There are 2 protein chains.
Amino acid sequence: MSLRHAMLGLLANEPASGYDLMKGFETSLSNVWPATQSQVYGELAKLAKAGLLEVSAEGPRGRKEYAITSDGRMELHRWLTEPQPDTPRRSDALLRVFFLNHLTPLEAITYLTGEAERASRQHEALTELEGRIDWGDDPLSVNGRLAFEYGLRFTAMREEWARWAAEELDKTRGE
Amino acid sequence: MSLRHAMLGLLANEPASGYDLMKGFETSLSNVWPATQSQVYGELAKLAKAGLLEVSAEGPRGRKEYAITSDGRMELHRWLTEPQPDTPRRSDALLRVFFLNHLTPLEAITYLTGEAERASRQHEALTELEGRIDWGDDPLSVNGRLAFEYGLRFTAMREEWARWAAEELDKTRGE
DNA sequence: TCCTCCATGTAAACTGTTACATGATTTG
DNA sequence: CAAATCATGTAACAGTTTACATGGAGGA
């Protein structure tokens, strides 16, 4: 149910078309809340119908620029400040860990070192991306940096854990 | 698409009914792959139809016990060893971070310290749970311990990050 | 003219959540 | 006999993904 809030958040900075929003989802938000074009256009219509957005301008090629309404801002604020539940999240990667005993010890260790490498690659990709981004003083940059740091810490943690887990299995294997 | 693999994984240890599986989803797998009763019964039927499971026994109250077939084991093995993509994951919590500039600095800091507290509570809940579990030598325990350690590291990382981020915002606020 | 980018939408399939509905068996 | 537990299923709805479908505008 957060796609709508991602869209409200982007439109709270400036009015934009569905096409413009897609660029936001493909770049800054791609690691946090990916969305498809189908979803975005569908949700724009729903949000406009609900009065949280309105068409603020029309351009060539049927372009419709949407702006957030004051109801939309209220909803965004409500979402940002509502009490958060302690959410359990799904994880493919961890699910596999539960069933590692159905592999040979060697295969299991291969899986875990693979995980470590994936995390490491993601960490590197983030570091590289961080260097390429032109960080400014604008709000999206300030918040983007916080999210970035989260990504760095998360990938580092995952790599360390996977290496540790592989070693644990390796120990057991010897017995 | 991993519900089916969670079910195959559980049934690869021992045959079970839908009701039995639900206990697995509510306990060991609850933090990794929650599932509802509706899903489980529906998927059992599909898996049986696809030949990955078969009804191995029937009991009182219409109980049907399912066992994994060799096709099912092959599919489980394939899933465990297939190359993993570097998956982007959705995160409500991080999405909010991107839009923190639409709150007052004080509200934003409140959000982040709230995040820290949630992470801390989850960490404590895990530590407490770890003590209560009767860890054995069975495969689920061995792998469960690895997953547990992941949870502990993850919640610790999240708390540290949120405290750091709150401080960052606090610095900016002073300027 | 051709290619790329801009731009919007619809339809089908799948996954997941919540609520509803039913009834047998065991235990206190 | 009442309550808890065992046990299975269906229906409606919400969110996501993939594929399809169309066409205008601008630049080389």
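The model shown is predicted, which means the values in this text are computed figures rather than measured ones. (Residues numbered from 1 in each chain as written. Chains lettered and ligands numbered in written order. Predicted model: local features only at pLDDT ≥ 70, side-chain atom pairs only at ≥ 80, totals over all residues. Heavy atoms only, no water.)

Facing the 64 residues of chain B at the interface are 65 residues of chain A. For the chain B and chain A pair, buried surface summed over both sides reaches about 6,500 Å², with 67% attributable to carbon and sulfur atoms. Linking chain B with chain A are two salt bridges, by the criterion used here. For the salt bridge of Glu-82 of chain A with Arg-96 of chain B, the shortest nitrogen-to-oxygen distance reads 3.8 Å. Summed over the shared surface of chain B and chain A, the number is 20 residue pairs in polar contact (both at pLDDT 80 or more). Put simply, the parts of the chain that give the side of chain B that touches chain A at least two residues each are α1 (3-13), α4 (70-81), α5 (92-98), α6 (105-132) and α7 (139-174) of chain B. Element by element, the count of residues in the side of chain B that touches chain A is highest for α7 of chain B, at 18 residues. Counted by class, the side of chain B that touches chain A contains 32 nonpolar, 17 polar and 15 charged residues. (Contact = heavy atoms within 4.5 Å. Buried area = accessible area lost by both parts, 1.4 Å probe. Salt bridge = Lys/Arg side-chain N within 4 Å of Asp/Glu carboxyl O. Polar contact = N/O pair within 3.5 Å; in protein donor to acceptor, adjacent residues only side chain to side chain. Helix = DSSP H or I, 4+ residues; strand = E, 2+ residues; numbered from the N terminus. Nonpolar A, V, L, I, M, F, W, Y, C, P; charged D, E, K, R; others polar.)

Around DNA strand C, 19 residues are found, and the nearest of them are Tyr-19, Gln-37 and Tyr-41 of chain A together with Met-1 and Ser-38 of chain B. The share of sugar and phosphate among atoms of DNA strand C within 4 Å of the protein is 64%. Within the contact set of DNA strand C, a base oxygen lies 2.7 Å away from a side-chain nitrogen or oxygen of Ser-38 of chain B. Secondary structure elements with two or more residues in the surface near DNA strand C: α2 (18-26) and α3 (37-49) of chain A together with α3 (37-49) of chain B. (Near = heavy atom within 4 Å.)

The two copies are related by a screw operation: chain B maps onto chain A through 180° of rotation and 0.0 Å of translation along the axis, at an RMSD of 0.2 Å. The superposition operator between the copies reduces to a two-fold rotation axis. When the interface residues of chain B are mapped onto chain A, 100% of them again fall at the interface, so both copies present the same face. (Least-squares fit on C-alpha atoms with pLDDT ≥ 70 in both.)

Note that side chains of opposite charge can pair when their charged atoms are close. Evaluation of the coordinates by the stated rule reveals 27 salt bridges over all chains. Across the pair Glu-65 of chain A and Arg-63 of chain A runs a salt bridge whose closest N-O atoms are separated by 3.2 Å. Given a relative accessible area of 29%, Arg-63 of chain A falls into the partly exposed group. Between Lys-23 of chain B and Asp-20 of chain B there is a salt bridge, with the nearest N and O atoms lying 3.9 Å from each other. Taken as a pair, Lys-23 of chain B and Asp-20 of chain B lie in helix α2 (residues 18-26) at a separation of three residues, close to a single helical turn. Because the salt bridges share partners, they merge into one network encompassing Glu-75, Arg-78 and Glu-82 of chain A together with Asp-92 and Arg-96 of chain B. (Buried < 20%, exposed > 50% of the residue type's maximum accessible area, 1.4 Å probe, protein only.)

Moving on, we come to the domain arrangement of chain A. What the domain assignment reports for chain A is domain 1 (3-81) and domain 2 (92-174). Between domain 1 of chain A and domain 2 of chain A, the C-alpha centre-to-centre distance is 31 Å. (Domains from an automatic or database assignment.)

To continue, consider the pairing of strand β1 (residues 53-58) of chain A. Residue and element names in this part refer to chain A. Bridge count between β1 and strand β2 (residues 64-68): five bridges; the pairing is antiparallel. Pairing of Glu-58 across the sheet is with Lys-64, part of β2. Connecting the antiparallel pair β1 and β2 is a turn made up of five residues, with Arg-61 showing a positive phi of about 60°. (Pairing = 2+ DSSP bridges.)

Grouped together as the largest cluster of nonpolar side chains are 95 residues, with contacts concentrated most on Leu-21, Phe-25 and Trp-161 of chain A together with Leu-21, Phe-25 and Trp-161 of chain B. Setting aside its immediate chain neighbours within four residues, Leu-21 of chain B contacts Met-7, Leu-10, Leu-11, Ala-16, Val-40 and Leu-44 of chain B. (Core = buried A, V, L, I, M, F, W, Y, C linked by side-chain atoms within 4.5 Å.)

This structure, assessed with the given rule, holds five aromatic pairs over all chains. With 5.1 Å between their ring centres and 85° between their planes, Tyr-150 of chain A and Trp-161 of chain B make a pair best called edge-to-face. Of the two residues, Tyr-150 of chain A sits in helix α7 (residues 139-174) while Trp-161 of chain B sits in helix α7, which places them in two different chains. Grouping residues by exposure puts Tyr-150 of chain A and Trp-161 of chain B together as buried. Arranged with centres 5.4 Å apart and planes meeting at 50°, the rings of Phe-154 of chain A and Phe-154 of chain B form a pair that is tilted. In this pair, Phe-154 of chain A is assigned in helix α7 and Phe-154 of chain B in helix α7, connecting two distinct chains. On the basis of relative accessible area, Phe-154 of chain A is assigned to the buried category, the value being 6%. Connected via pairs of aromatic rings, a cluster forms that spans Tyr-150, Phe-154 and Trp-161 of chain A together with Tyr-150, Phe-154 and Trp-161 of chain B. Here Arg-90 of chain A stacks its cationic end above the ring of Trp-33 of chain B, 5.5 Å away from the centre of that ring. Of note, Arg-158 of chain B hangs over the ring of Phe-154 of chain B, and the distance from its end group to the ring centre comes to 5.1 Å. (Phe/Tyr/Trp six-rings, centres within 6.5 Å; stacked < 30°, edge-to-face > 60°. Lys NZ or Arg CZ within 6 Å of the ring centre and 35° of its normal.)

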